[in-house]
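Spelled out, the chains give:
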Amino acid sequence: MDIRKNAVLGAVALASVFSFNCPARAEDVTISVWALDRDTQPAPNLIAEYNKLKTGIKVEFRQIQFDDVVSEAMRAYSSDQAPDIIAVDNPEHALFAARGAFLDLTAMLEKSSVIKPENYFPGPLASTMWKGKHYGVPKATNTIALYYNKDMFKAKGLDPAKPPQTWAELMEAARKLTDPAANVYGIAFSAKASEEGTFQFLPWAQMGGASYQNINTDGAVKALDIWKTILDEKLASPDTLTRGQWDSTGTFNSGNAAMAISGPWELDRMVAEAKFDWGVTLLPVPEKGAERSSSMGDFNWAIFANTDHPEEAFKVLEYFVSQDARMFSDFGLLPARSDTPIAETGQPLKDAALKVFLEQLKYAQPRGPHPEWPKISKAIQDAIQAALTGQASPKDALDQAAERIKAVLG
C-alpha cells in the first residue's frame, strides 16, 4: 500500500482523535485559514479533508498573494478582521510574534500528543519562536545545496564522485568548467537584490563566522570577495545580479552552467528537463573541517492572538501536523521534522539528491528571527549589490551593512 492510501486511512482513523474533545455544539465553529497555497499544495487539500471528518469545526480557506501577506495580515489584525490561522514566510514570523499578533502556543504544545517541538529540525523550530516561547508550528521547510553536472565534470577531467567540498575547490572547479566557446558558465546562483540574494549569501557569511548581528567578519568579507571574483572572471552569468533562483537553475538545467546553488523545489524539474547525469552535494565550506551552514526556507503556521476560538484553531493545526508524512509524496515539500522519513521515489538521481538535502537541513539556520528582518535583509542585499557592481569593496560594503543593521537593532 502506498503512502497516499495510508494517509487516507490515517485521516479516517484520526477523525475520532480530532473530534473526541470537541464539545457538542448546535452549529459548527468556523475557523478561517489564510495561505499562499494553490490547489496542488497542502492548505486547500488538507482543509477539504478535515472538513469531511465532521469534527464540529468547519475550516474556510482563503488564498493570499506573497507580496500582500505582511501588509494585509497586519491590517486585518489591527482592525480585528484577522483569520484564525495564517501561513507566513519563516523570516517574517518574528515580526508578528514580537508585536503580540500571534498566540503563544507554548502551553498547548506541552499538552499536545500530536505536535512535539523536539521532533523538528532546529532551524525551522527556531523560526517559530520568540523570547523562548512558541508562536507557531513549521509548515514545511527547504534549504539549498550544490547541484553539479557529472557529465561536464568527466569531460573536464574532474572526478564526479568528488564534487567540491571547500570554497577553494569550488573556485578551481568553476574555472575548469567555464567554457565560453560552448556558452557554459562554471556556476549559477542568485545575487538578486531581494530576499533571494540574502537567502543565497547568508550561508556563506555564516560559514565565515558571521551572523546578521555581525555581518562584516573577515570570513564574510572573504565570501563576498569570492562572489565578486566569480562575476569578475565571468565564471557565472552577468545576470546573476538580477535573476532569481528559478531562472538561475534553469541555466543549469539547460546545460549552460556546470554547477548551481539551489534547492529541493527544483528536483522534479531536474528529473523532467536535465538531459545529463547530475548530482547534489552539501554546500562547500571555507576549509576542511569548518562549520557548515545553509539557508532555510518555506512557511510556518500561526494562530492570531485575537482569535475567538484558540482551542479549535489549535486542533486544526494538529490535524495539519498529523499529515506531515505526506508533505513530500503529495505536495513535493520537505517536512520540517527529523522524525518523518521520506519514502524513496524510485528515481535514483532524485532519491540520492533528497538524502543530501535532508543532511543539509541539519545545518540550516533561520533568517533572524528578528521583527525587523526586512530592514536587516535589505542592508545585506544592498551590500551584495554594491560589492558585485564595483560600487564598494566587499569589506566596505559589509561594513556599511553592519552599521545599518546596528541602527536597526538599536
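Above this text sits the structure in question.
This write-up is about the structure you can find in this document. If you're wondering where the values come from, they're calculated on a predicted model, not measured in any experiment. Note that residues are indexed from 1 along each chain, following the sequence as it is written. With pLDDT at 70 or above as the cut-off, local features in this predicted model cover only qualifying residues; side-chain atom pairs require 80 or more to be listed or tallied, and sums for whole chains, interfaces and linings still use all residues. As a rule here, side-chain values come from all non-hydrogen atoms in the structure, and water together with hydrogens is ignored.

Below, the discussion takes up the side chain of N300. Labels follow the DSSP assignment, with helices taken as runs of H or I lasting at least four residues and strands as runs of E lasting at least two, numbered in each case from the N terminus. Among the secondary structure elements, N300 is positioned in strand β11 (residues 299-303). Each residue is assigned to one of three classes by its accessible area relative to the maximum for its type, calculated with a 1.4 Å probe on protein chains only: buried under 20%, partly exposed between the two thresholds, exposed over 50%. Classification of N300 as buried rests on a relative accessible area of 2%. Under this definition, polar contacts are N or O atom pairs within 3.5 Å; protein pairs additionally need one hydrogen-donor-capable and one acceptor-capable atom, and for neighbouring residues in sequence, both atoms have to be side-chain atoms. A polar side-chain atom of N300 sits 3.1 Å from a polar atom in the side chain of S127. Look past the residues within four positions of N300 in its chain and what remains in contact with it is I86, A87, V88, N90, H93, P124, S127, T128, V137, P138 and K139. Here, two residues are considered to be in contact whenever any of their heavy atoms come within 4.5 Å of each other.

Cavities and pockets are defined on a 1 Å grid built over the protein atoms alone: a cavity is a set of grid points where a 1.4 Å probe fits but cannot escape, while a pocket is an open set with protein on both sides within 12 Å along at least five of seven lines, and lining residues are those with an atom within 4 Å of any such point. Grid points are joined across faces, edges and corners, and a volume is the space filled by probe spheres set on the points. Taken as a whole and assessed by the stated rule, the structure comprises two cavities of 30 Å³ or more. Counting only elements with at least two residues in the lining of the largest cavity, the list comes to α2 (42-52) and α13 (310-322). Residues belonging to the lining of the largest cavity are distributed by class as follows: seven nonpolar, no polar and two charged. What the second largest cavity holds in volume is close to 30 Å³. Residue composition of the lining of the second largest cavity, grouped by class: seven nonpolar, one polar and no charged. Under the scheme applied, nonpolar residues are Ala, Val, Leu, Ile, Met, Phe, Trp, Tyr, Cys and Pro; charged residues are Asp, Glu, Lys and Arg; polar residues are all the others, including Gly.

What follows is about the sheet that holds strand β9 (residues 278-281). Here three strands make up an open sheet; going across it, the order is β8-β7-β9 and the pairing antiparallel. The open sheet is flanked by β8 (259-262) and β9, the only strands paired with a single partner. Pairs of neighbouring strands in the sheet enclose a mean axial angle of 25°, with direction left out of account. Sheet topology places strand β7 (residues 145-149) next to β9; four bridges connect them, and they run antiparallel. Pairing of Y147 across the sheet is with V280, part of β9. Only the contacting stretch of a helix is used when fitting its axis, a line to C-alpha atoms as for every element, and angles between N-to-C directions run 0 to 180 degrees. Against the sheet, helix α15 (residues 348-361) contacts β7, β8 and β9, and its axis sits at roughly 15° relative to β9. Strands qualify as paired when DSSP identifies two bridges or more between them.

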